[in-house]
Amino acid sequence: MDTVIKVAAAGLLAAVAALVLKKDNPAGAFLIALAAGVVIVGAAMGFISPIADFLRSLADAAGVAPEHFSALYKALAISIVSYVAAESCKDAGEKAVGGYIELAGGAAALYVSLPLMSDVFSLLRSFLR
Amino acid sequence: MNEQTIYREQYVASGAESIEIPAEAYDLFGGADINSLELDEGFRLLGQGIGQGLGGYFKQAALPAVSALMVVLLCGMAETMFPERERTMKVLPLVGTLAITAAVCGDLFALVGSGRSAVETLSTFSKSLLATLAATGAAVGAPGGASARYLAAIVFSDALITVIDRVLIPALMAYVLVCVADAAIGGDTLGGLAKFLKTAVVTVLTLIITGFTIYLTVSGIVAGGADALTIKATKTVISNTVPVVGGAIADASETVIASTRLVKNTTGVVGILALAAIAVGSFLRLGVRYLVLKTVGAVSPLAGGGRLGKLIENLAGAFGILLGMIAASALMALIAVVAMISL
């Protein structure tokens, strides 16, 4: 609860500071917004990590194969990084750059799921034989 | 010399002792000699064997189900964190679909193989049993009836195996592929095709069972006259318990009940017990998986996994279709045996 209040307060402060600086120093405003984004997402990782650890321990206890989940974790991490970067670029008025980052994030997420696709394809092929 | 002695001598003279009963049939009876069991005692031992093995079946079914549920939880968590329109997020349901497919379909494909082998074992065993029963039937003065029933059983059994091999299993695989593709693409674009494939498989199975039952009934091979209340109760239980083709099997069960009062000779008892034991292992393995996956699919929307939950339910349906194939084979074999010993 404290962390959420601190995150909200930091976000509001950064937004006000960026607004004040935007007219005279747009680059500075962008940097403040970006720094706030990184700090806030970092704080959010503090909530996500224990959840991920819990799911991992649940998977270990159930004897679930880790390779089914590693692609999912990686895709989620890529989503978070590309989301923060793309939204920051859109905020700075660079919608096109934001779009390119989203495209790269999507491609990267598909790339990390290649081993999983390959496993599924081998499974189907072995059965069809 | 009493009735049982006569049947026992028939049993030996007809060479029934030489019928090979598959090993999995013996295991479920806890090592008891299946050749010397009465029907009631046999079913009691079978029930005990099933009870002892049930925990193991649930454990085996839990692993793919837990994997699938965890994928749903993870994707559901991610979807709550990001807005729907985020392009990168659209990849997550695709990755989730692949993860669930890898977790569940490996198990499904292995069971298709063992289900196919159970259908073949049922067919092979019932053919050797029916040959012996036909010889016994001819010996008691009904050679025409014995050969007619034997021929009907062989023809329908072979037809069922051929249809399962060449039509139903490929259709089942197509159904699984379509469901996976539908979940990957999203938007329920292929939902209609998946429903059509499932309906087609169910219809073919139902037609074969119904055709066999009608043939036996119309040709006067099996008499009616069983207690109406027993029939109604059994039909209700079967149609509610067995997924996919429960309705058709329930209708066919009336034939079985009508003839069970005629089960009195040793060969028939051994045959029925062995058939039940061969079928029940596969039946339970598939049935437990069907139930567990259906439950996971039903609770998935609560974890935010609507699309992935639908995929899990559809994959549970695939297990149900396989269950229906084995149930159909077992019931046809059982009806054939009962029809033969009613001579």
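Just checking my understanding: could you explain the interface of chain B and chain A for this structure?
The parts lose accessible area when they come together, and the size of an interface is often stated as this lost area. Taken together, the contacts link 34 residues of chain B with 34 residues of chain A. Summing the contributions of chain B and of chain A, the shared interface buries around 3,100 Å²; its carbon and sulfur component is 85%. The interface formed by chain B and chain A holds 0 salt bridges in total. Applying the counting rule to chain B against chain A returns 0 residue pairs in polar contact (both at pLDDT 80 or more). Mapped onto the side of chain B that touches chain A, the elements with two or more residues apiece are helix H3 (39-81), helix H4 (91-139) and helix H5 (143-185) of chain B. Top contributing element to the side of chain B that touches chain A by residue count: H4 of chain B, with 14 residues. In the side of chain B that touches chain A, the residues fall into 27 nonpolar, 5 polar and 2 charged.

What's the story with the domain arrangement of chain A in this structure? I'm lost.
All names here are of chain A. Here the domain parsing of chain A yields domain 1 (1-64) and domain 2 (65-129). Centre-to-centre, using C-alpha coordinates, domain 1 lies 21 Å away from domain 2. If you look at the interface, domain 1 gives 11 residues, while domain 2 gives 10 residues. Between the two partners, domain 1 and domain 2, sit 0 salt bridges. Our enumeration of links across domain 1 and domain 2 arrives at 0 residue pairs in polar contact (both at pLDDT 80 or more). The biggest single contributor to the side of domain 1 that touches domain 2 is helix H2 (residues 26-62), with 8 residues. Broken down by class, the residue content of the side of domain 1 that touches domain 2 amounts to 8 nonpolar, 1 polar and 2 charged.

What exactly am I supposed to notice about helix H5 (residues 114-128) of chain A here?
Every α-helix carries 3.6 residues per turn, so stepping three or four residues along brings you back to the same face. Residues and elements named next belong to chain A. Across its 15 residues, H5 extends 21 Å between first and last C-alpha, which sits within 8% of the 21 Å expected from 1.5 Å per residue. Taken as a whole, H5 has its buried residues at Leu-116, Val-120 and Leu-124. The buried residues of H5 occupy an angular sector of 70 degrees when the element is viewed end-on, so they sit on one face. Across from the buried face of H5, at angles greater than 90 degrees, the exposed residues are Pro-115 and Phe-121.

Scoring rules and cut-offs
- Residues numbered from 1 in each chain as written.
- Chains lettered and ligands numbered in written order.
- Predicted model: local features only at pLDDT ≥ 70, side-chain atom pairs only at ≥ 80, totals over all residues.
- Heavy atoms only, no water.
- Contact = heavy atoms within 4.5 Å.
- Buried area = accessible area lost by both parts, 1.4 Å probe.
- Salt bridge = Lys/Arg side-chain N within 4 Å of Asp/Glu carboxyl O.
- Polar contact = N/O pair within 3.5 Å; in protein donor to acceptor, adjacent residues only side chain to side chain.
- Helix = DSSP H or I, 4+ residues; strand = E, 2+ residues; numbered from the N terminus.
- Nonpolar A, V, L, I, M, F, W, Y, C, P; charged D, E, K, R; others polar.
- Domains from an automatic or database assignment.
- Expected span 1.5 Å × (residues − 1).
- Buried < 20%, exposed > 50% of the residue type's maximum accessible area, 1.4 Å probe, protein only.
- Arc of directions from axis to C-beta.

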